[in-house]
Every structure is written in structure tokens, then in C-alpha cells.
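As a plain string of letters, each chain reads:
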Amino acid sequence: MSLSTDEMISDINNNQWSQLFSCAINTQKDLVVLMYQNNPILFNKAFQQFAGISSVKEFLREFGPLHDRFVPHNSYFHSGKTNSPEEWTIALMALPEHDRIVSMFNSRTEPYAFSVDVDNSVADYEIITFTDISQDFIKRIMIENDVSIDKESGAYDKEYFIHTSKSFNDAAEFNEKSIGITMIELTSTDLEAEQFLRDFTASIKSSIRQSDMLVRWEKKIFLLAYLANTSADVKAFSEKLLLVMRQEPFERLNAISMRMGATVQNEREEITTIIKRAQEALEQSGNLQVTLLEKLR
């Protein structure tokens, strides 16, 4: 005789081996769910924090079945794409691996995309792992839709950067570094700036790392995002950029005027705050053409 979901949940709370399993999945950053006969009986801490709940009973009371949390959008898998919603894992695992993607909102109503893996090696049980691929998925969609690059300049598009900027926060945290932001404005006339856009972008790209991002922020303003250790590194990087960006084969850039502002991330500071401070530094800066020409002599 099979046990009810409530009985299984009670058994997990009182069974030594179940408690050990619970401890093991609580160490995972991925969202992990243990299912019994298509019903959740255990969430790891990462899932609880994501959904803003403290128990399976609370989740079922607030949201209903797990598959009801999946965003019903054509870009993702959801229960509407199967004739048997209760057995959604079967339909999902029948898809190619790159299509096993669902979207869910967290407790702050922020959308996330997850790749999904299902282990059903024990009869009646399934271990479902949700791996956050939000940034990679957004990048994939925007690249497929050909919106990642600004066509006029060849730099990254502003909207693309905004949607994927979490990657910079993650990279900074992982590498124990800070985010540096340098903003450069072409202060020449619109016509002059347009004539030199491609050279401007190419000159900077040739002087930065592949992991750095040059973004066309406004018509004549560009944002450069990168990782740095200290504010001194940001200053040195920006000054070096000024020295090399108009050298051969980009001497034509000496004909236009620019100004620059730069700053570095404070501890746990959001990237929007860093950008705002870099914009303020840009507005307070003077024209850099004379200074640059003096440095090149």
C-alpha cells in the first residue's frame, strides 16, 4: 500500500536517512525538489529561499502543484505543453536537453530561467534539480534576435547590457574583485562623432580584454565595464586607455574631442549605482583632448 503525500512528508521529518538526504541537498546552490508520486515532499533551502516559503505544506497551500509555478510562455516548457500536467516530468525529459527549460518567479516576482534535470532511478520518486541559467538564456535569446550589438558603432547594445549585467556581479563576486565603470563621451559635433564611431569602438576593443564590455550607452556616450581590484586600478586602466586608443592605426581619432569619468564598485553595491556615479564623474570631467595630446608627445 502506497503512502500519502502527508505521510511521506511526516516520514522525512522523522527518518534519520531522510534527514541526512535533506542535509546533503541543502548544501546545493541549485534548487532541488524531492517528489513522490508527482507531488513534492521536500525542498532544499535554496528552493525555500527562492519561493519565500519554509515548508512543503506552505508551498502547496500558497501555490498549488509545482508545475503551476512555471511561466506559461512559449520560450519555456510549461504544463500546458503536455496532456498530462501531473506527469509533466515525463514530457519534459522527452525533449532535447537544450529545451528542458522552465521559468519561475521568485518571492520578489523576479523572473528566472532554469534548466531542469530529473532523476527517477527509484520507483515513485523523482529528484528534480533546477539550475539557474537566467543570464545565459537571456543572452541566447537576445543574440538569436540579433539585438546584442549596436549596429552603428559595433559596441554592445545598452538593453543587452542591462539585461545581462548580473553576470558582472556574479563574476566580480566569484573572482573576489570589484566592478570598474569608465564612461567616455565624444564631445565633438554629432556629424563628427558619427564619422568616427567605428574607429572609436575598434580602438577600444583592441585595448581591452575579451571579458570587458564596451556598451553604447547614449548617442555619443560609451560605457566600459570590467573587473578591477582597487580604485587605483580603475584610474590606471582609464589613463592607459587614453594613451593607446588614438595610436596607430586609429590616429584619425585625434581629430575629435572626448571626456571621461570612471569609478569602482563599493562593497556589495548594485551596478546601477556604480553607473550613476560614473555618469556624475563624467559630467564633472573636463575635455580630455589637450591632456591626451600632451601625454602622447
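Please read these numbers as outputs of a predicted model, since none were measured by experiment. Residue numbers run consecutively from 1 along every chain, following the written order of its sequence. Per-residue local features of the predicted model are confined to residues with pLDDT of at least 70, and side-chain atom pairs are confined, for both listing and counting, to 80 or more; whole-chain, interface and lining totals are unaffected and use all residues. As a convention, hydrogens and water are excluded, and side-chain values are obtained from all of the structure's heavy atoms.

Caption draft 1: Summary view of the environment of Phe63. A helix here means a DSSP run of H or I that spans at least four residues, while a strand means a run of E at least two residues long, and both kinds are numbered starting from the N terminus. As for its placement among the helices and strands, Phe63 is situated in helix α4 (residues 56–63). With 12 residues separating them in the primary sequence, Phe63 and Ala51 have C-alpha atoms 9.7 Å apart. Phe63 has contacts with Ala51, Ile53, Asp68 and Arg69, leaving out every residue within four places of it along the chain. Between two residues, a contact is recorded if the distance between any of their heavy atoms is within 4.5 Å.

Caption draft 2: Spatial organisation of the environment of Thr82. Counting through the fold element by element, Thr82 comes out in the loop between α4 and α5 (88–93). For the pair Thr82 and Leu92, spaced 10 residues apart in sequence, the C-alpha separation works out to 8.6 Å. Polar contact is the term for a pair of N or O atoms within 3.5 Å; when the atoms are in protein, one must be able to donate a hydrogen and the other to accept it, and sequence-neighboring residues count only if both atoms are side-chain atoms. Among the polar contacts made by the side chain of Thr82, one reaches the main-chain amide nitrogen of Ser84 at a distance of 3.2 Å.

Caption draft 3: Layout of the side chain of Ser165. Residue placement: Ser165 occurs in the loop between α7 (158–164) and α8 (166–174). Partly exposed describes any residue whose relative accessible area lies between the buried limit of under 20% and the exposed limit of over 50%, with all areas from a 1.4 Å probe on protein chains only and scaled to the type maximum. Since its relative accessible area comes to 10%, Ser165 is described here as buried. Among the polar contacts listed, one links the side chain of Ser165 to the backbone oxygen of Ile162, at a separation of 3.1 Å. Once residues lying within four places of it in the same chain are set aside, the contact partners of Ser165 are Gln135 and Ile271.

Caption draft 4: Focus on the layout of surface pockets. Within this scheme a cavity is a closed region of a 1 Å grid, computed over the protein atoms alone, that accommodates a 1.4 Å probe without allowing it to escape, whereas a pocket is open but has protein on both sides within 12 Å along at least five of seven lines; lining residues each have an atom within 4 Å of a point. Grid points are joined across faces, edges and corners, and a volume is the space filled by probe spheres set on the points. Put simply, the largest pocket is a space of about 1,900 Å³. Around the largest pocket sit 48 residues that line it, and Tyr112, Asp132, Lys166, Asp170 and Glu173 are the ones nearest its centre.

Caption draft 5: Up close: unusual backbone geometry. Phi at Asn38 is positive, roughly 70°, even though this residue is not glycine. Within the fold, Asn38 resides in the loop between β1 (31–36) and β2 (39–43).

Caption draft 6: Just the nonpolar core, in detail. Formed by 25 residues in total, the largest nonpolar core has its most connected members in Leu186, Phe200, Ile204, Leu224 and Met258. Those elements that provide at least two residues to this core are β7 (178–186), α9 (190–205), β9 (221–228), α10 (231–244) and β10 (258–264). A per-element tally of this core places α9 first, with 5 residues. Not counting residues up to four positions away in its chain, the partners in contact with Phe200 are Ile184, Leu186, Phe222, Met245, Leu253 and Met258. Nonpolar cores are built from buried Ala, Val, Leu, Ile, Met, Phe, Trp, Tyr and Cys residues. Side-chain atoms within 4.5 Å join them into one set.

Caption draft 7: The arrangement of the packing of aromatic side chains in detail. Within 6.5 Å between ring centres, the rings of Phe, Tyr and Trp (the latter by its six-membered ring) count as paired, and their orientation is classed by plane angle as stacked under 30 degrees, edge-to-face over 60, tilted in between. Scanning the model with the defined rule gives 17 aromatic pairs in all. Residues Phe59 and Phe63 carry aromatic rings whose centres are separated by 5.1 Å and whose planes lie at 55° to one another, so their mutual orientation is tilted. A residue pair is termed a helical-turn pair when its members lie 3 or 4 positions apart in one helix, as Phe59 and Phe63 do in helix α4 at 4 residues. Ring centres of Phe161 and Trp217 lie 6.2 Å apart, and the angle between their planes is 75°; this geometry places the pair in the edge-to-face category. In this pair, Phe161 sits in helix α7 while Trp217 sits in the loop between β8 (213–216) and β9, placing the two residues 56 residues apart along the sequence. Grouping aromatic residues by their ring pairs yields a cluster made of Phe43, Phe47, Phe50, Phe59, Phe63, Phe70, Phe77, Trp88, Tyr112, Phe114 and Phe130. Working rule: Lys NZ or Arg CZ, within 6 Å of ring centre, within 35 degrees of ring normal, means a charge sits over the ring. Sitting over the ring of Phe63, Arg69 keeps its end group 4.1 Å from the ring centre. Here the basic side chain of Lys158 rests over the ring of Trp217, its NZ or CZ set 4.5 Å away from the ring centre.

Caption draft 8: Representation of the pattern of salt bridges. Any Lys or Arg side-chain nitrogen located within 4 Å of an Asp or Glu carboxyl oxygen qualifies as a salt bridge. For the structure on display, the rule yields 8 salt bridges. A salt bridge links Asp199 to Arg252; the shortest N-O distance between them is 2.6 Å. Of this pair, Asp199 sits in helix α9 while Arg252 sits in the loop between α10 and β10, and the two are 53 residues apart along the sequence. Look at the salt bridges and you will find they share partners, linking Asp150, Glu152 and Arg216 into a network.

Caption draft 9: How the structure looks around the confidence of the model for the protein. On average, residues of the protein score 84 in pLDDT, and 88% of them reach the 70 mark or higher. On a range of 0 to 100, pLDDT expresses the predictor's confidence in each residue. Every residue in residues 288–297 scores below 50 in pLDDT, and together they form 18 contacts with partners more than four places removed in sequence or on other chains.

Caption draft 10: Layout of the sheet that holds strand β6 (residues 156–157). Here, any two strands with at least 2 DSSP bridges between them count as paired. Here we have 5 strands laid out as an open sheet, ordered β6-β8-β9-β7-β10, and mixed in their pairing. Because the sheet does not close on itself, it has two edges, and the strands there are β6 and β10. With 4 bridges joining them, β8 and β9 adopt antiparallel strand pairing. Paired with Val215 across the strands is Leu223, a residue of β9.

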